Amino acid sequence: MEPDLKWQLVKENIAQKLEVKIEESDLIDMAKGIAARQFAQYGMTNIDDETLTNYAKNILADKNYRPRLVEQCGDFKLFQSIENGVTLDCETVSLDKFKEIASTI
């Protein structure tokens with residue numbers, strides 16, 4: 001099985017278990033961020049929300065670009081859900097201790 005396909009199946013499985021849902025509003029917010037960055041490249045930083053929203057809807061209407069945005073948004077929400085659901089125990093270790101830990105993995 002291709003590594004990309006495996007990764008896609010793993011992401012879908014985790015997203016399903018964590019009940020990650022992609023709403024249209026999530027896509028519009030992401031597209032608005034993209035639009036704002038594009039406008040900012042041309043020095044246009046004070047774009048009103050209505051203009052950004054309309055531009056975002058145009059971005060999402062692009063049948064070639066929308067699937068990439070859906071995947072990007074899904075990845076963002078998935079990793080955000082994982083991050084919110086995980087507790088990390090941080091420990092400072094010496095290099096020798098790190099090598100010892102790493103050798104057991």
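Right above here is the structure, for reference.
Just so we're clear, the structure is a prediction, and the values are computed from it rather than from any experiment.

### Looking at the nonpolar core
Alright, step 1. Core analysis: the biggest nonpolar cluster contains 13 residues, and M30, A31, I34, A35, I59, L60 and L69 have the highest contact counts within it.
Alright, step 2. For this core, the secondary structure elements donating two or more residues are helix 2 (24–41), helix 3 (49–61) and helix 4 (66–85).
Alright, step 3. If we ignore the near neighbours within four places in the chain, the residues touching I34 are I59, Y65, L69 and Q72.

### Thoughts on helix 2
Alright, step 1. Between its first and last C-alpha, helix 2 extends 26 Å over 18 residues, near the 26 Å set by a 1.5 Å rise per residue.
Alright, step 2. Packing partners of the buried residues in helix 2 comprise helix 3 and helix 4.
Alright, step 3. Just downstream of helix 2 lies G43, where phi reads positive at about 80°.

### Considering a nonpolar patch on the surface
Alright, step 1. The grouping of W7, V10, I14, L18 and F79 at the surface amounts to a nonpolar patch, some 430 Å² of accessible area in total.
Alright, step 2. In terms of residue count, helix 1 (residues 3–17) provides more of the nonpolar patch than any other element does, three residues in total.
Alright, step 3. Note on placement: I14 falls in helix 1.

### Structural notes on the packing of aromatic side chains
Alright, step 1. Enumeration according to the criterion identifies two aromatic pairs in this entry.
Alright, step 2. Summarising the aromatic geometry, the rings of W7 and F79 are spaced 6.4 Å apart at their centres and angled 20° between planes, so their arrangement reads as stacked. Of the two residues, W7 is situated in helix 1 and F79 in helix 4; the sequence distance between them amounts to 72 residues.
Alright, step 3. Using a relative accessible area of 42% as the deciding quantity, one classes F79 as partly exposed.
Alright, step 4. For the pair F39 and Y55, a centre-to-centre distance of 5.0 Å together with 50° between the ring planes defines the contact as tilted. Residue F39 is located in helix 2, and its partner Y55 is located in helix 3; the two are separated by 16 residues in the primary sequence.

Scoring rules and cut-offs
Residues numbered from 1 in each chain as written. Predicted model: local features only at pLDDT ≥ 70, side-chain atom pairs only at ≥ 80, totals over all residues. Heavy atoms only, no water. Core = buried A, V, L, I, M, F, W, Y, C linked by side-chain atoms within 4.5 Å. Buried < 20%, exposed > 50% of the residue type's maximum accessible area, 1.4 Å probe, protein only. Helix = DSSP H or I, 4+ residues; strand = E, 2+ residues; numbered from the N terminus. Contact = heavy atoms within 4.5 Å. Expected span 1.5 Å × (residues − 1). Patch = residues over 30% accessible without salt bridge, like charges linked within 9 Å, V, L, I, M, F, W, Y side chains within 5 Å. Areas by Shrake-Rupley, 256 points an atom, 1.4 Å probe, with all protein chains shown as cover. Salt bridge = Lys/Arg side-chain N within 4 Å of Asp/Glu carboxyl O. Phe/Tyr/Trp six-rings, centres within 6.5 Å; stacked < 30°, edge-to-face > 60°.

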